[in-house]
Amino acid sequence: MKPSKRKQKKLLWRLALGFGFVAEIILIALSIGSLLEGNNQIPLWQAMLFMTIAVWIYIAYLKQRALDISRFVVDEKIKTHSLVQNLREGIIVVDPDNHILLLNVKASEIMGLPEIESLGQDFSTKVDEAIGGILRSGQAGEREGKIIETGRTVRMSVIHLPADTRESGHKLIYVRRLDASRKAPDKTDAEGGEQCKIRAAKILRLMADELGRSLDHAPNPEACVSRARLVLQGLIAGVDLLGGSAITKIKNRTLAGSLEKVDLSLSMLLQEILAEVAPVTSAAGIKFDFPADNGRFLLSGDPELTGLALRQVVYNAALASDPERGPVIIRSGSMGANIGIAITDQGSSVSYDGLQQIFADPYAGVCGPQGGMVRTEGSGLFMARGIIEAHGGTLIAESPPEGGLRVTIMTPGKS
């Protein structure tokens, strides 16, 4: 219904409602006048008219309310459709007979199927038996299979939307592209460059191991701290290089399609990272304030990429911190269905402009309040934020009044 017609109908029913109320008031006044004159009985016609108008008022109210609800439903449908279309995840909604009701842009790109032309078609006929079988069976679950028309290999999670019975409900399908479906038959320059980055990262790891062993033979504490920081720089460079493919996918907005999510213990993940870097940070005099019971939460994320993002933030915090100002503070907590992680270092303050530019480049340095580079090792927060956002979370950086840099991560918890 057009908005103008809806308004006209609503106005008419409001007038009918108002007329009914006026008529009822007049009838009540007549009844009271009749009683005051000594008439103990209300005429039958008056009582019936009173009841008729009461029913009329009730109908007018329901009609007006129905128009409000109709408008609300239409508005919510528009909002929901807009939201689903802008999701980074591939989403498909099918009816009980597996006809496509909604196919967002991301799902269309992953499968190679036209978005508009696919609406109303039987989705179970467009996929191989591995996926088609679960769709026709009325079961929920996750399967790998191929799109028949395009030959692309995908992974689909089928979820039943709430309904009176499992068999009669609509289905929500989350579709992801597998790595194998994106690989070209022949090695490209980009793939060759990626292999070079991986080899370089391994070399840096070996360098870091060798430097770590030399810490025991440092001639004095100052030399020990200097070597420890050099090791940390090597570790950060290694993380940056290992995340090269992730950075490319972040820039191309395709990272979310390659995630393999599992339940991860935040406590175990952070303890593993701290244990890895403990020999180096200990030699540099850097401590961490992370209570043992502070990470008792489960994340839903890709193990490799989530670890990569957290390592980048933790390693950078360690390298930037001044041991004399205190430990690197790590705190976590839950907020609804999300898990929050805050990592605060004890390094130099970051200017407002530095905070605005911190995510502009994967290897950008950070400016201090007085200008000049105060964190030249390369923040890597571009990569960390891209990974967290691909998981449906957020990552922000701020400089507390007492100095340093606080990185706050909000990411979905166990579903």
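### With respect to the confidence of the model for the protein chain
Link 1 in the chain: In the predicted model, the protein chain carries a mean pLDDT of 77, and the fraction of residues at 70 or more is 76%.
Link 2 in the chain: Counted against residues more than four places away or in other chains, residues 163-167, with its pLDDT under 50, gives 6 contacts.

### Let's talk about helix H9 (residues 266-283)
Link 1 in the chain: With 18 residues, H9 ought to run about 26 Å at 1.5 Å a step, and its terminal C-alpha atoms sit 26 Å apart, in line with that.
Link 2 in the chain: At Val277, H9 shows its strongest bend, of approximately 55 degrees, with the proline Pro279 following within four residues.
Link 3 in the chain: A positive phi of about 80 degrees marks Gly285, the residue just after H9.

### Section: the side chain of His391
Link 1 in the chain: The residue His391 is located in the loop between helix H12 (381-390) and strand E13 (394-398) in this model.
Link 2 in the chain: On the basis of relative accessibility, which here comes to 4%, the residue His391 falls in the buried class.
Link 3 in the chain: A polar side-chain atom of His391 sits 2.8 Å from the main-chain carbonyl oxygen of Ile387.
Link 4 in the chain: Not counting chain neighbours up to four residues away, the residues in contact with His391 comprise Leu259, Lys261, Ser300, Gly301, Asp302, Thr306, Thr411 and Pro412.

### Description of the pattern of salt bridges
Link 1 in the chain: All chains considered together, the criterion is met by 9 salt bridges.
Link 2 in the chain: The residue Arg136 makes a salt bridge to Glu129 at a minimum N-O spacing of 2.6 Å.
Link 3 in the chain: For Arg136, a relative accessible area of 46% gives the class partly exposed.
Link 4 in the chain: By relative accessible area, Glu129 is classed as exposed at 56%.
Link 5 in the chain: Measuring nitrogen to oxygen at the nearest pair gives 2.2 Å for the salt bridge that ties Glu144 to Arg155. Of the two residues, Glu144 is situated in strand E3 (residues 141-146) and Arg155 in strand E4 (residues 153-160); the sequence distance between them amounts to 11 residues.
Link 6 in the chain: Look at Glu144 and you get partly exposed, because its relative accessible area is 41%.
Link 7 in the chain: Note on Arg155: relative accessible area 17%, which makes it buried.

### Looking at a nonpolar patch on the surface
Link 1 in the chain: On the surface, Ile28, Ile32, Leu36, Phe50 and Met51 cluster together to form a nonpolar patch covering roughly 510 Å² of accessible area.
Link 2 in the chain: Mapped onto the nonpolar patch, the elements with two or more residues apiece are helix H1 (3-36) and helix H2 (44-85).
Link 3 in the chain: Mapped onto the fold, Ile32 is located in helix H1.
Link 4 in the chain: Given the relative accessible area of 47%, Ile32 is considered partly exposed.

Calculation notes
Residues numbered from 1 in each chain as written. Predicted model: local features only at pLDDT ≥ 70, side-chain atom pairs only at ≥ 80, totals over all residues. Heavy atoms only, no water. pLDDT = per-residue confidence, 0-100. Contact = heavy atoms within 4.5 Å. Helix = DSSP H or I, 4+ residues; strand = E, 2+ residues; numbered from the N terminus. Expected span 1.5 Å × (residues − 1). Bend = angle between axes of the 7 residues up to and from the residue. Buried < 20%, exposed > 50% of the residue type's maximum accessible area, 1.4 Å probe, protein only. Polar contact = N/O pair within 3.5 Å; in protein donor to acceptor, adjacent residues only side chain to side chain. Salt bridge = Lys/Arg side-chain N within 4 Å of Asp/Glu carboxyl O. Patch = residues over 30% accessible without salt bridge, like charges linked within 9 Å, V, L, I, M, F, W, Y side chains within 5 Å. Areas by Shrake-Rupley, 256 points an atom, 1.4 Å probe, with all protein chains shown as cover.

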